[in-house]
2 protein chains.
Amino acid sequence: MNVMNASPRRKELTRLAAQLFVQEGFDRTTVRMLAQEMGIKSGSLFHHFKDKQEILAAVIEEGTQNALVIARKALDECAEDPEVRLRAMARAHLETLFTDRNAHVVALFEWRRLDPTASAHLSHLRDAYEALWVAVIDDALEAGLIHGDRFLVSRFVLGALNWTVRWYDPNGPRSPDDLADELVAMIMPTSA
Amino acid sequence: MNVMNASPRRKELTRLAAQLFVQEGFDRTTVRMLAQEMGIKSGSLFHHFKDKQEILAAVIEEGTQNALVIARKALDECAEDPEVRLRAMARAHLETLFTDRNAHVVALFEWRRLDPTASAHLSHLRDAYEALWVAVIDDALEAGLIHGDRFLVSRFVLGALNWTVRWYDPNGPRSPDDLADELVAMIMPTSA
DNA sequence: CGTTTACACTAGCGCTTGCTCGGTTACTCT
DNA sequence: AGAGTAACCGAGCAAGCGCTAGTGTAAACG
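S.K.: Help me out: how do you make sense of the interface of chain A and chain B in this one?
M.R.: Interface size is often expressed as the accessible area that is lost when the parts come together. The partner chain B presents 38 residues to the 38 residues of chain A that form the contact. When chain A packs against chain B, close to 3,400 Å² is buried across both sides, 64% of that on carbon and sulfur atoms. It is A:Phe156, A:Trp163 and A:Met186 in chain A that bury the most area against chain B; as a group they hold 23% of the surface buried on that side. Measuring nitrogen to oxygen at the nearest pair gives 3.5 Å for the salt bridge that ties A:Arg174 to B:Asp149. In this structure, the connection of chain A to chain B is made through 10 residue pairs in polar contact (both at pLDDT 80 or more). Looking at the side of chain A that touches chain B, the elements with two or more residues in it are helix H1 (8-24), helix H6 (101-109), helix H8 (150-163) and helix H9 (176-187) of chain A. Of all the elements, H8(A) adds the most residues to the side of chain A that touches chain B, at 10 residues. In the side of chain A that touches chain B, the residues fall into 19 nonpolar, 8 polar and 11 charged.

The structure is reproduced here in structure tokens:
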């Protein structure tokens, strides 16, 4: 068994698992279903992951890592103007949400199935990501770009963005970037 | 077995079930756990509900019905000013979200566990509720109170509101009404 | 060459699951 | 008193669950 590696094989299996977890939910996805999707038998699955829990943790870790990388890159690449940064952050959020959609849906809706150990470890990743958001929101507030309570604003914005996975159709006419821009415009009085 | 009644006993059992579904998730809640919480044995449970699915449907129906009633009452009781109605609708949403919190959390996060028949029936209820929102949003847009795409705005607002169940602490300093007002203020440029 | 390593297989154990069913209790209505 | 009925119990079945153990095989390595 691979204790803690990130072999390409394991990455691919993690991707397939994410898809099934989204389709069926974590609890309803059996190891036999996972194995079949991966083209192996259920016993072989435990050569790659020590138990079902570890598969869930791998899926969520993958998604959250990517979110962090993409958000940092987006912020690095743009100017220091608070409005630009806010828009960039919103775009980055939706970008990762829909390129790694399966992993993020699992992270958002199956987080509670993690055992305490895995949850604690992954919480740090998640906190690091949210810290980026809080910083951007703070700057926007300070610049008078938006108004309200910093805590509430960031929660509302993240809620609105995360909820998109429930209704957004990637095959529709609107791009994720459009969505991000519309949301930012919605909360910015100056752009009326 | 009670085919389709709403006896007080069944209502109470539904309430208890909602609580457990929130704590453990639908799939992880066994009929034995449900029975114990209700003070009966697992076999007796099927005198009240024909199967586990029906319990889930009962929980969701209860919550959605209440949401409809509360929202309609709130709209009936307030003036025709679009801003007032928007605020009233947001308040009503959070009010029902936190007085029937368990039922709504189940409705929001366990909807997919419903079998197609139950889902179809309950979708009508849900659509009726969302229609109230769309009407209110439309009026607010027409009055120039808010701006943006009517479809996107309502999705963003509902997303922000629904996501509150993930972070809002009813024992904190803020009331649900405060939350609703802050959100409305956030998306209304005129109130800056 | 022999040994190691990665990956897969078969078989099945021990347990839990949703649900059934015949029988019992307690209350209501005539 | 007797009949009807809603509520509940105890026992357990068939299916499915996560996971383990032991084995086979082919490529990689000294």
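S.K.: Help me understand a positive patch on the surface in this model?
M.R.: A cluster of basic residues, A:Arg112, A:Arg166, B:Arg112 and B:Arg166, forms a positive patch on the protein surface. Assignment of secondary structure puts B:Arg166 in the loop between helix H8 (150-163) and helix H9 (176-187).

S.K.: I tried to follow the protein's contact with DNA strand C on my own but got confused; where do I start?
M.R.: For DNA strand C, the set of nearby residues contains 18 residues, the closest of which are A:Lys41, A:His48, B:Thr30, B:Arg32 and B:Lys52. Restricting attention to atoms of DNA strand C within 4 Å of the protein, one finds that 54% of them are sugar or phosphate atoms. Taking A:Lys41, its main chain carries an N or O atom lying 2.5 Å from a phosphate oxygen of DNA strand C. A:His48 places a polar side-chain atom, nitrogen or oxygen, 2.7 Å from a phosphate oxygen of DNA strand C.

S.K.: I keep staring at the relation of the copies chain A and chain B and nothing clicks. Help me out?
M.R.: A rotation about some axis, followed by a shift along it, carries one copy of the chain onto the other. Turning chain A through 180° and shifting it by 0.1 Å along the axis lays it on chain B, with an RMSD of 0.1 Å. Taken together, the rotation and translation describe the operation of a two-fold axis. Interface overlap between copies is the fraction of interface residues in one copy that are interface residues in the other; for chain A against chain B it reaches 100%, indicating a shared surface.

S.K.: I keep staring at the environment of B:Ala131 and nothing clicks. Help me out?
M.R.: Along the chain, the position of B:Ala131 falls in helix H7 (residues 116-142). Separated by 27 residues in the primary sequence, B:Ala131 and B:Leu158 have C-alpha atoms spaced 12 Å apart.

S.K.: Before we go on, may I ask you to explain H8(A) in this structure?
M.R.: Along an α-helix, residues three or four positions apart point the same way, because every turn accommodates 3.6 residues. Residues and elements named next belong to chain A. The terminal C-alpha atoms of H8 lie 20 Å apart, and with 14 residues this matches the ideal 20 Å at 1.5 Å per residue to within 8%. Burial runs high along H8: 11 of the 14 residues are buried. Sitting at the amino-terminal end of H8 is Asp149, which places a side-chain oxygen 2.9 Å from the backbone nitrogen of Phe151.

S.K.: Is there a simple way to explain the pattern of salt bridges in this structure?
M.R.: Oppositely charged side chains are able to pair whenever their charged atoms sit close together. The final tally for this structure, using the stated rule, is 24 salt bridges over all chains. A salt bridge links A:Arg87 to A:Glu83; its shortest N-O distance comes to 2.6 Å. Taken as a pair, A:Arg87 and A:Glu83 lie in helix H5 (residues 82-99) at a separation of 4 residues, close to a single helical turn. Overall, the relative accessible area of 24% leaves A:Arg87 in the partly exposed class. For B:Lys50, the salt bridge is made with B:Asp51, and the minimal N-O distance between the two is 3.6 Å. One network of salt bridges, with partners in common, ties together A:Asp27, A:Arg113 and B:Arg28.

S.K.: I keep staring at the packing of aromatic side chains and nothing clicks. Help me out?
M.R.: Geometry of an aromatic ring pair is reported as the spacing of the ring centres plus the angle between the planes. Scanning the model with the defined rule gives 14 aromatic pairs over all chains in all. Judged by centre distance (6.1 Å) and plane angle (75°), the ring pair of A:Trp167 and B:Phe156 falls under edge-to-face. Here the residue A:Trp167 occupies a position in the loop between H8 and H9, and B:Phe156 occupies one in helix H8, the pair thus bridging two chains. Both residues of the pair, A:Trp167 and B:Phe156, belong to the buried class. Site record: aromatic cluster; members linked through ring pairs are A:Phe98, A:Trp167, A:Tyr168, B:Phe151 and B:Phe156.

Conventions used here
- Residues take numbers from 1 onward in each chain, read along the sequence in its written order.
- Lettering for chains starts from A, numbering for ligands starts from 1, and both go in the order in which the items are written.
- Local features are withheld for residues below a pLDDT of 70 in this predicted model, meaning they are given only at 70 or higher, and side-chain atom pairs are given and counted only at 80 or more; totals for whole chains, interfaces and linings count all residues.
- The side-chain numbers reported here are obtained from all heavy atoms of the structure, hydrogens and water having been left aside.
- Throughout, a residue-residue contact means that at least one pair of heavy atoms, one from each residue, lies within 4.5 Å.
- Two parts placed together each lose some accessible area; with a 1.4 Å probe, that loss summed over both constitutes the buried area.
- The salt bridge definition used is simple: a Lys or Arg side-chain nitrogen within 4 Å of an Asp or Glu carboxyl oxygen.
- Throughout this description, a polar contact denotes any pair of N or O atoms lying within 3.5 Å of each other; where both atoms belong to protein, one of them has to be capable of donating a hydrogen while the other can accept it, and for residues adjacent in sequence the pair is counted only when both atoms sit in side chains.
- Here a helix means four or more residues in a row that DSSP labels H or I, a strand means two or more in a row labelled E, and each is numbered from the N terminus.
- By the convention adopted, Pro, Cys, Tyr, Trp, Phe, Met, Ile, Leu, Val and Ala count as nonpolar, Lys, Arg, Asp and Glu as charged, and the other residues, Gly among them, as polar.
- Grouping into patches uses exposed residues only, defined as over 30% relative accessible area, and leaves out salt-bridged ones; the cut-off is 9 Å for like charges and 5 Å for nonpolar side chains (Val, Leu, Ile, Met, Phe, Trp, Tyr).
- Per-residue accessibility takes into account occlusion by the displayed protein chains alone, with areas from the Shrake-Rupley method and a 1.4 Å probe.
- For the purpose of counting charges, residues Lys and Arg are taken to be positive, whereas Asp and Glu are taken to be negative. His and the chain ends are not included.
- Where a charge sits is defined by one atom per residue type, namely NZ (Lys), CZ (Arg), CG (Asp) or CD (Glu).
- Nearness is defined per residue: one heavy atom within 4 Å of the molecule or strand is enough.
- The copies were overlaid by least squares, fitting only the C-alpha atoms of residues that reach a pLDDT of 70 or more in each copy.
- Multiplying 1.5 Å by the residue count of a helix minus one yields the expected span of that helix.
- The rule is simple: take the accessible area with a 1.4 Å probe, protein chains only, and divide by the maximum for that residue type; under 20% is buried, over 50% is exposed, in between is partly exposed.
- Centres within 6.5 Å are what make two rings of Phe, Tyr or Trp a pair, Trp counting through its six-membered ring; a difference in plane orientation under 30 degrees is then read as stacked, over 60 as edge-to-face, and the rest as tilted.

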